[in-house]
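# Secondary and tertiary structure notes
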Amino acid sequence: MTCDDVQERLSAFTDGELSDTEAAESFRHAGTCRHCRDFLGSLVRVRSGVSRLPLFHPSPALDERIAFIRLPEEAGATKASARAGLQRLWTRSMRVPAAALAAGVALFLLTTALTLWFWIVGPKPPAQEVVYVFGLPQVEVVSTTGADGESERNPHD
Amino acid sequence: MHSATDEQLVERVQEGEWAAFAEIYRRYRSPLYSFCLRLSGRKETAEDALQETFAKLALRAAEIRSRGALRGWLYQVARNEILMTFRARRRTTELLEDADGEVWDAETPLTLLEAKDGIAHMERSLARLKVEYREVIIMREMEELSYAEIAAVTQSTEAAVKSRLFKARKALAQRLGAH
C-alpha cells in the first residue's frame, strides 16, 4: 500500500466513508509514516478552511424572476377554481328564474291540454243559420245536424 | 415552529402549492447560488442556472419521488445548467479532460479577487481547481452531501468521488501550504 493509497483512505475516513478494517490499516501506516501524518494534519486544515467559506446570495432581481414562475398544478387549480366559481354563479343566478320558467311551462301545457280536450270532447254549441225570405217576416231557423248529415227544415220551406 | 421537511414540501409542490415552492427556494437559494457561482465563476451564469433549476422544479417536481432526493436533484439540475453554459462556450473539453492528472484550471474571474486574508486565499485556490474537483469538494465540505449523493449528482461512481475528493484536498493542501 503506497502513501497515496493511505492518504486517499484517510481523506475518506474524515468523511466517515471508510470501513473499520481499512481505517485500522491506514492509521497503522500513518503511525510509522511522517509524510502521511503531515497530510492528515493539512487535510483537517483544508476541510476546515473550505467549510468556513461564506455563502453568496443571489440578487433581489433573481428573487423577482423566481416569483414569476408558476406551477402547472397551480394553473390547473386556478382554472378549476374559476370554473367552479362560474358554475356557482350560474346556479345562483338561475335558481329563481328556473323555477318560474318551469311553472310557466307547466301552466302553458295544462292550458293547452284543457283547451284541446274541450275542443275535441266537450259539448259543441248548436249551429245557427239565418234565412232571409223576402216578403215574409224574418224567421230564425235553428237546426241541429244529425248523424246522417240531414238538417231539420222549416215547415214553411 | 415546526418547519416542513423537504419531502413534505415536494409533495405540496406536486399538488400545486406555490407557498411550498417558495419555501424550497428560500431554503436552497443561497447554498445553490454559491455552488453555481463557485462552479461557473460568473454571477450572471449562476443566476441563470438557478432560475432554470427552479423553473424545472416547477415543471418536473413529480420526478422527485424518493425520500431525501430534493437536494441531490437540485444540485444535479444546477450543475447540468452550468456545464451546458460551459459547452456553449466550447470549454467543456478543456474543463473535463484530465489526461495528465492536472487538477488546476485556468484563471477565472473569481481567482482575480484580491487575496487579502485566509478566506480569500482559500476562495481563490478553490476557484482555480478544475470543475470536476471543485464541484465535489464544494458539495462535500459546504453542503455535506454523501459520496453516494455526489456520485448521483455527477453521474459517476462513489470510487470516483472518493478519488477526486482526495486529489482536490491534496492539491489545496499543497497550494495553501506553499503560501
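Bear in mind that the values here come from a model prediction, so they are computed numbers and not experimental data. (Residues numbered from 1 in each chain as written. Chains lettered and ligands numbered in written order. Predicted model: local features only at pLDDT ≥ 70, side-chain atom pairs only at ≥ 80, totals over all residues. Heavy atoms only, no water.)

### What about the overall build of chain B?
On a plain count of helices and strands, chain B comes out with nine helices and zero strands. Listing the helices and strands of chain B from first to last along the sequence gives α-α-α-α-α-α-α-α-α. Relative to its full complement of 179 residues, chain B shows a buried share of 52%. Relative to all contacts within chain B whose residues are 6 or more apart in sequence, the contacts with residues 24 or more apart total 62%. With the model as given, the accessible surface of chain B reaches about 8,300 Å², and the carbon-plus-sulfur share is 49%. (Helix = DSSP H or I, 4+ residues; strand = E, 2+ residues; numbered from the N terminus. Buried < 20%, exposed > 50% of the residue type's maximum accessible area, 1.4 Å probe, protein only. Contact = heavy atoms within 4.5 Å. Areas by Shrake-Rupley, 256 points an atom, 1.4 Å probe, with all protein chains shown as cover.)

### As for unusual backbone geometry
Note on backbone geometry: most residues besides glycine have negative phi, and most peptide bonds are trans. All names here are of chain B. A positive phi is found at E144, a non-glycine position, where the angle reads about 55°. Within the secondary structure layout, E144 lies in the loop between helix 7 (131–141) and helix 8 (147–154). Phi angles above zero are rare outside glycine, and Q155 is one such case at about 55°. Tracing the backbone shows Q155 in the loop between helix 8 and helix 9 (158–177).

### Quick notes on the interface of chain B and chain A
Counting residues at the interface gives 44 residues for chain B and 36 residues for chain A. A buried area of about 3,700 Å², summed over both sides, lies between chain B and chain A, and 64% of it is on carbon and sulfur atoms. By the criterion of area lost to chain A, the three top residues of chain B are W18, F166 and R169 of chain B, representing 17% of everything that side buries. Counting the contacts that link chain B with chain A gives seven salt bridges. As a salt-bridge pair, R65 of chain A and D48 of chain B come within 2.9 Å of each other at their nearest N and O atoms. Taken together, the connections running from chain B to chain A amount to 18 residue pairs in polar contact (both at pLDDT 80 or more). Sorting the residues of the side of chain B that touches chain A by element identifies helix 1 (6–14), helix 2 (18–40), helix 3 (43–60), helix 6 (118–128), helix 7 and helix 9 of chain B as the ones contributing at least two each. Classifying every residue of the side of chain B that touches chain A gives 23 nonpolar, seven polar and 14 charged. (Buried area = accessible area lost by both parts, 1.4 Å probe. Salt bridge = Lys/Arg side-chain N within 4 Å of Asp/Glu carboxyl O. Polar contact = N/O pair within 3.5 Å; in protein donor to acceptor, adjacent residues only side chain to side chain. Nonpolar A, V, L, I, M, F, W, Y, C, P; charged D, E, K, R; others polar.)

### A few points about the pattern of salt bridges
Overall, the coordinates contain 21 salt bridges over all chains when judged by the stated rule. Put simply, E23 of chain B and R27 of chain B hold a salt bridge, and the shortest N to O gap is 3.5 Å. Of this pair, E23 of chain B and R27 of chain B both sit in helix 2, four residues apart, which is roughly one turn of that helix. What makes R27 of chain B partly exposed here is its relative accessible area of 24%. Through salt bridges with shared partners, one network takes in D15 and R47 of chain A together with R140, E141 and R169 of chain B.

### Re the nonpolar core
By size, the foremost hydrophobic cluster in this structure holds 64 residues, and its most contacted members are F21, I24, F54 and L57 of chain B. When residues of this core are assigned to domains, at least three fall in each of domain 1 (1–90) and domain 2 (96–179) of chain B. Ignoring any residue separated from it by four or fewer positions in sequence, one finds F54 of chain B in contact with I66 and I69 of chain A together with F21, I24, Y25, Y28 and L32 of chain B. (Core = buried A, V, L, I, M, F, W, Y, C linked by side-chain atoms within 4.5 Å. Domains from an automatic or database assignment.)

### Focus: the packing of helix 1 of chain B against helix 2 of chain B
All names here are of chain B. Between helix 1 and helix 2, the least distance of the axes is 8 Å, while the angle of their chain directions is 140°. Taken together, the axis directions place helix 1 and helix 2 in an arrangement best described as oblique. The two elements helix 1 and helix 2 meet at a crossing, and its hand is left-handed. Residue-level contacts link D6, L9, V10, R12 and V13 of helix 1 to A20, F21, E23, I24, R27 and Y28 of helix 2. A per-class count over the contact of helix 1 with helix 2 returns seven nonpolar, no polar and four charged. (Axes fitted to C-alpha atoms, helices over the stretch in contact; angles between N-to-C directions. Parallel < 35°, antiparallel > 145°, perpendicular 65-115°, else oblique. Left-handed = near helix turned anticlockwise from the far one by under 90°.)

Everything listed here is a matter of coordinates, which is why it stays silent on function.
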